[in-house]
Amino acid sequence: MKYLSLNQNSKSTLFNNAVKQGLARDRGLYFPETIPQLPKSFFDGIEKMNINDMAYRVIKPYVGNQILKDKLMEIVKETLDFEFPIIEITDNIAALELFQGPTLAFKDVGARFMARYLGHLNQDSKDEITVLVATSGDTGGAVANGFLGVKGVNVVILYPKGKVSEIQEKQLTTPGQNITSLEVDGVFDDCQEMVKTAFLDSALSSVNLTSANSINVARWLPQMFYFFIAYRALKSKNKRLVFSVPSGNFGNICAGIMGQQMGLPIDHFIASTNVNDAVPRYLETGTYDPLPTIQTISNAMDVGDPSNFVRIQKIFNHDIVKMKKALSGYRFTDQETRKALKEIYDLKGYIADPHGAVGYLGLKEYLAKQGKDQYGVFLETAHPVKFLDSVNKTLKLEVEIPERLKETLSKQKVSVPIKDYSELKAYLMN
Ligand SMILES: *Cc1c(COP(=O)(O)O)cnc(C)c1O
């Protein structure tokens, strides 16, 4: 499989190189030259396959022969080494819990895959790789956890000062070893912009930089796995499946749409956002008009200008009519999100997190307008404990802190404050 840059000014490349580079030289995102198709027999027998074999077959055509089969299988197994429960909330709505991994958010899947893959690629190299990553909250912790102690790889995390939750901050500022956190005086989009600028900066060409954001194909594509896992689990319901994806940078939902393009029988996708609603507005007006980031209680979705939207446009050939057939978008305020947290709790005693609650709202709004034979799944993208303040206050209870988090919380935060790109550059040059 070859990867093209969506800016169309770079040569195509293979998976390993796309992973090592993160972003193409022309600053474009990599996208596979063709979308592989899975045969009907794959879906007919999917419930009899084990999850690792299934995931291997999904990712294999994207990787090609770039690493040995056994190694790829080992990486897939280690990536998916936790549960993905589906919790029924109503007759036709369920939550798909993606937060059972080590850092309690769905980003563990992509981060673990990428860390193991890159660690393997670089194991015999003398040159160290620096992974540069911007986080709105959860990516930093997942990437730090995935890459901790990986030989030959240093990780530099940029996060917006004062705009991540206490637990998120601890997860990304306490690992130590090969992980460094830079506390940026700005918002997430500033962090993301600095990362993109660093990739372009010829003065940094001696530093081997790559990205661990969902712009990196090794972080983005493994996210297809959960849509296949959910389909496999729900197939026997014989309903048309709809997925509502709480979206920020749109990597997760874009991976789901890729799965659908490979043949996965998904009826419809819903992009559920907070008030950072560039994509729902695009679907309404036909104009993509990103606005500055607004801070919300679902902070991992506080993204004004989602990077992966260009990939979604590519999938639908820039045809908004086609896109709207597959994808709807809804936006919700913090007040509506809090109400939804309460509603879900009252329905089933289920404690969602603010991102999952936004997903639930999008699903409800969509299903209300549709036929009866649909079954909706919203992705529960983070454990509610990661957003302790809003969840506890809204539901008037105390979410229990899992044992594995307590150790992280007891550690001392270590970060390097930076103000602008020149300070990032100076840090990387050293
Ligand atoms: C990152 C994140 C999102 C948004 O995912 P994207 O792939 O960036 O759209 C949603 N919820 C949580 C909890 C996250 O950490």
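Note: the structure precedes this text.
What counts and how
Residues numbered from 1 in each chain as written. Predicted model: local features only at pLDDT ≥ 70, side-chain atom pairs only at ≥ 80, totals over all residues. Heavy atoms only, no water. Helix = DSSP H or I, 4+ residues; strand = E, 2+ residues; numbered from the N terminus. Near = heavy atom within 4 Å. Polar contact = N/O pair within 3.5 Å; in protein donor to acceptor, adjacent residues only side chain to side chain. Areas by Shrake-Rupley, 256 points an atom, 1.4 Å probe, with all protein chains shown as cover. Nonpolar A, V, L, I, M, F, W, Y, C, P; charged D, E, K, R; others polar. Pairing = 2+ DSSP bridges. Axes fitted to C-alpha atoms, helices over the stretch in contact; angles between N-to-C directions. Contact = heavy atoms within 4.5 Å. Buried < 20%, exposed > 50% of the residue type's maximum accessible area, 1.4 Å probe, protein only. Arc of directions from axis to C-beta. Salt bridge = Lys/Arg side-chain N within 4 Å of Asp/Glu carboxyl O.

**Q** Is there a simple way to think about the environment of D124 in this case?
**A** Relative to the elements of secondary structure, D124 occurs in the loop between α5 (107-121) and β6 (129-134). With 104 residues separating them along the chain, D124 and K20 place their C-alpha atoms 14 Å apart.

**Q** Help me out: how do you make sense of the site of the ligand in this one?
**A** With respect to spatial proximity, 15 residues lie near the ligand, and among them K107, D138, G248, N249 and T381 are the closest. In this structure, an oxygen atom belonging to the ligand sits 2.8 Å away from a main-chain N or O atom of G248. At a separation of 2.8 Å, an oxygen atom of the ligand approaches a polar backbone atom of N249. When isolated, the ligand has an accessible area of 380 Å², and the protein chains bury 98% of it. When the residues that make up the shell around the ligand are grouped by side-chain class, the tally is 6 nonpolar, 7 polar and 2 charged.

**Q** Got a minute to help me understand the sheet that holds strand β4 (residues 86-90) in this structure?
**A** Sheets are built from strands that pair by backbone hydrogen bonding, the pairs being arranged parallel or antiparallel. In space, the 6 strands of this open sheet follow the order β4-β5-β13-β10-β11-β12, with mixed pairing throughout. The open sheet is flanked by β4 and β12 (327-331), the only strands paired with a single partner. Direction aside, neighbouring strands of the sheet carry axes that sit 25° apart on average. Contacting β10 (240-246), β11 (268-273), β12 and β13 (374-380), helix α11 (residues 251-261) crosses the sheet at an angle of about 175° to β11. Sheet contacts for helix α12 (residues 278-285): β11 and β12; angle to β12, the most-contacted strand, approximately 120°.

**Q** Looking at this model, I keep getting lost on the side chain of T79. Mind explaining?
**A** With respect to the helices, strands and loops of the structure, T79 is situated in helix α4 (residues 69-79). Dropping the residues within four chain positions of it, T79 is found in contact with V109, R112 and F113.

**Q** Would you explain α4 in this entry?
**A** Note that an α-helix has 3.6 residues per turn; residues three or four places apart therefore point the same way. Among the residues of α4, those classed as buried are L72, M73, I75, V76 and T79. The arc that holds the buried residues of α4, viewed along the axis, is 160°, so those residues lie on one side. Structurally, α4 contributes buried residues whose contacts are with α3 (51-63), α5 and α10 (224-234).

**Q** So what exactly am I meant to see when it comes to the sheet that holds strand β3 (residues 30-32) here?
**A** Read from one edge to the other, the open sheet built from 3 strands follows the order β2-β1-β3, with strand pairing classed as antiparallel. Lying at the two open borders of the sheet, with one neighbouring strand each, are β2 (13-14) and β3. By the bridge criterion, 2 bridges tie strand β1 (residues 2-5) to β2 in an arrangement that is antiparallel. Paired with Y3 across the bridge in β2 is T13.

**Q** Can you help me understand the pattern of salt bridges in this one?
**A** Overall, the coordinates contain 18 salt bridges when judged by the stated rule. We note a salt bridge from D44 to K40, for which the minimum N-O separation is 2.9 Å. Taken as a pair, D44 and K40 lie in helix α2 (residues 40-44) at a separation of 4 residues, close to a single helical turn. We classify D44 as partly exposed; its relative accessible area is 40%. A residue is classified by how much of its surface remains accessible, and K40, at 63% relative accessible area, is exposed. For K364, the salt bridge goes to E343, with nearest N and O atoms at 2.6 Å. With K364 in helix α16 (residues 354-368) and E343 in helix α15 (residues 334-348), the pair connects residues that are 21 residues apart, well separated along the chain. With a relative accessible area of 28%, E343 lands in the partly exposed category. What emerges from the salt-bridge pattern is a single network uniting D277, R281, D289 and R331.

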